[in-house]
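Single-letter residue listing:
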Amino acid sequence: ESSLNQSADGKAEAAKASDKKEGEAGVSEGEGKAEKGDKKSLTALMFGEKTAALIEKVTAAPTGPKKKKHDDDEDRDDYGAYLNHLEVLDLSYNVIDSLPLELGNISSLTRLKLNHNKLERLPRTVNQMHELVELNLSDNLMVEVPKEIGRLVLLEKVDFSRQGNGDLLDTLPKDMEKCIQIKELRLAGNNFKVLPDAMLPSDDAPGFTNLKVLDLSGNPLRIIDDDLAVCSQMEKLYFHHTKIKKLNASITYMQRLEEIWVAYTEVVKLDPGLSKLPFLRKLVLEHEDQLDDFTTIRRLIKSDIWAFLSPGEGEVAELSAMYKEKEQRIRKNHVDQTLARANLDNSRKDSVKSHDSNDEEVLAARMAGKRGKGGKAATLNRRISFKG
């Protein structure tokens, strides 16, 4: 019983000692927090709250692996935070095969050039680049254009030309129908067999009504949709090296059209309405023999508008005739110049003779007059004076 009482008294004293230690630790921790709070408020007063927060973040001691992971997340969130004024990013002519998701954080970009790389896709975060006006992805390996491009409604210039060997890209996402500000669309060297639906009018969108340049050269394109007439602002059409068989009447509605390229196609006849396009200055064919009705259509369209990429049989014959005519004209000009020089020489000789004859007649008349008045002396003096 005595030992039991001693044990109980020992436990009670130990409990009291523990409570006292915890109390002292609590007071110490409270004092430390208070001191830290005072120090933090002092720093904030001296440098401002944002600077104080940055100082605290830099001087904070690491807390193990979890803290490191947190820092990585913050770095990832801050990707592009110091590039918020970047407007042009040119990464062309590299060997880039992928792009990080964080690229979308650079939302201030207006021009992004990624041409001549190894890209197969774009990150979905590209839809965050709301200020983007120009996007160049030509000469890559893209099989499809991401639908997120449709969120970039300020786009004006887009280039998806030559993906892979030309057999990869054959369509544009329907979401791109919202990009109605596009003025230049280049899809050369791909696998488009028809015009992309995204650029044509539908129940949901009016089509690319602001389009000025359309390049579909080097595609297996077979037909031109009549709805292309909605692109009334069109200035340049590049359809060369395609399989189209005709330029339909929709082209004649493009009153601002300046250039039409249909060389190396199956087009053999042109709409006479092309002659009424007021700004047309270049119509490019393979050669004049490409058209069945070239003689007829040639009379309607000014000669300085026609351009040929290779000579045809008719053109060779015409050039040969032109060279012969030029040679004959040079010979004739040479003969005329020779005759003109000969006539000029004869005229000069006649003029000199006439002048000498007149001088002799004047001298003879004067001599005769002097002889009549002064006799031999006057004549002799005159002769001496004249000789002197």
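The present account deals with the structure reproduced in this document. (Residues numbered from 1 in each chain as written. Predicted model: local features only at pLDDT ≥ 70, side-chain atom pairs only at ≥ 80, totals over all residues. Heavy atoms only, no water.)

**A closer look at the overall build of the protein**
Moving on, step 1. The helix and strand tally for the protein stands at five helices and 10 strands.
Moving on, step 2. Within the protein, the proportion of its 388 residues that are buried is 31%.
Moving on, step 3. For the protein, the proportion of contacts with a sequence separation of at least 24, taken over those separated by at least 6, is 41%.
Moving on, step 4. Surface accessibility of the protein: about 25400 Å² in total, with carbon and sulfur atoms responsible for 52%. (Helix = DSSP H or I, 4+ residues; strand = E, 2+ residues; numbered from the N terminus. Buried < 20%, exposed > 50% of the residue type's maximum accessible area, 1.4 Å probe, protein only. Contact = heavy atoms within 4.5 Å. Areas by Shrake-Rupley, 256 points an atom, 1.4 Å probe, with all protein chains shown as cover.)

**Some points on the sheet that holds strand β3 (residues 134–136)**
Moving on, step 1. Strand order in the open sheet formed by 10 strands is β1-β2-β3-β4-β5-β6-β7-β8-β9-β10, and the pairing between neighbours is parallel. Strand pairing shows two members of the sheet lacking a second neighbour, β1 (88–90) and β10 (306–308), which therefore form its edges. For this sheet, the mean inter-axis angle between neighbouring strands, taken without regard to orientation, is 5°.
Moving on, step 2. As paired elements, β1 and strand β2 (residues 111–113) share three bridges and run parallel to each other. Looking across to β2, one finds that Asp90 is bridged to Lys113. (Pairing = 2+ DSSP bridges. Axes fitted to C-alpha atoms, helices over the stretch in contact; angles between N-to-C directions.)

**Some points on a negative patch on the surface**
Moving on, step 1. Among the surface-exposed residues, Asp197, Asp225, Asp226 and Asp227 lie close enough to one another that they form a single negatively charged patch.
Moving on, step 2. Following the sequence through the fold, Asp226 ends up in the loop between β6 (213–215) and β7 (236–238).
Moving on, step 3. Residue class for Asp226 comes out exposed when judged on its relative accessible area of 54%. (Patch = residues over 30% accessible without salt bridge, like charges linked within 9 Å, V, L, I, M, F, W, Y side chains within 5 Å. Salt bridge = Lys/Arg side-chain N within 4 Å of Asp/Glu carboxyl O. Lys, Arg positive; Asp, Glu negative; His and termini not counted. Charge placed at Lys NZ, Arg CZ, Asp CG, Glu CD.)

**Some details on the environment of Ser217**
Moving on, step 1. Note on placement: Ser217 falls in the loop between β6 and β7.
Moving on, step 2. Separated by 22 residues in sequence, Ser217 and Phe239 have C-alpha atoms that sit 4.7 Å apart.
Moving on, step 3. Beyond its immediate stretch of four places on either side in the chain, Ser217 contacts Ala188, Gly189, Tyr238, His240, His241 and Thr242.

**Describing the packing of aromatic side chains**
Moving on, step 1. Tallied over the full model, the rule gives three aromatic pairs.
Moving on, step 2. With a centroid separation of 5.7 Å and an interplanar angle of 50°, the aromatic rings of Tyr238 and Trp261 are classed as tilted. Here Tyr238 is found in strand β7, whereas its partner Trp261 is found in strand β8 (residues 259–261), with 23 residues between them in sequence.
Moving on, step 3. Relative accessible area serves as the criterion here: at 13%, Tyr238 is assigned to the buried category.
Moving on, step 4. Trp261 sits in the buried class, given a relative accessible area of 19%. (Phe/Tyr/Trp six-rings, centres within 6.5 Å; stacked < 30°, edge-to-face > 60°.)

**Considerations on the environment of Asp225**
Moving on, step 1. Within the fold, Asp225 resides in the loop between β6 and β7.
Moving on, step 2. You can call Asp225 partly exposed: its relative accessible area is 31%.
Moving on, step 3. In sequence terms Asp225 and Asn248 are 23 residues apart; their C-alpha atoms lie 8.2 Å from each other.
Moving on, step 4. Excluding residues that lie within four positions of it along the chain, Asp225 makes contacts with Leu195, Leu200, Asn248 and Ser250.
Moving on, step 5. One polar contact links the side chain of Asp225 to the main-chain amide nitrogen of Asp227, over a distance of 2.8 Å. (Polar contact = N/O pair within 3.5 Å; in protein donor to acceptor, adjacent residues only side chain to side chain.)

**So, the pattern of salt bridges**
Moving on, step 1. Under the defined criterion, the tally for this structure stands at nine salt bridges.
Moving on, step 2. Among the ionic pairs, Arg281 bridges to Glu258, the shortest N-O distance being 3.6 Å. Residue Arg281 is located in the loop between β8 and β9 (282–285), and its partner Glu258 is located in the loop between β7 and β8; the two are separated by 23 residues in the primary sequence.
Moving on, step 3. Classification of Arg281 as partly exposed rests on a relative accessible area of 43%.
Moving on, step 4. Overall, the relative accessible area of 21% leaves Glu258 in the partly exposed class.
Moving on, step 5. Through salt bridges that share partners, Lys174, Glu177 and Asp204 make up one connected network.

**Examining a positive patch on the surface**
Moving on, step 1. On the surface, Lys193, Arg222, Lys243 and Lys245 cluster together into a patch of positive charge.
Moving on, step 2. Along the chain, Lys193 falls in the loop between β5 (184–186) and β6.

**Some words on the nonpolar core**
Moving on, step 1. Ranked by internal contacts, the top residues of the largest apolar core, which has 64 residues, are Phe160, Leu185, Leu214 and Phe239.
Moving on, step 2. Looking at this core, the elements that each hand over two or more residues are β9 and α4 (294–300).
Moving on, step 3. Not counting chain neighbours up to four residues away, the residues in contact with Leu185 comprise Val158, Leu172, Met199, Phe208, Leu211, Val213, Leu214 and Asp215.
Moving on, step 4. In terms of nonpolar packing, the next biggest core, distinct from the first, is built from five residues, Val213, Tyr238, Ala263 and Val284 among them. (Core = buried A, V, L, I, M, F, W, Y, C linked by side-chain atoms within 4.5 Å.)

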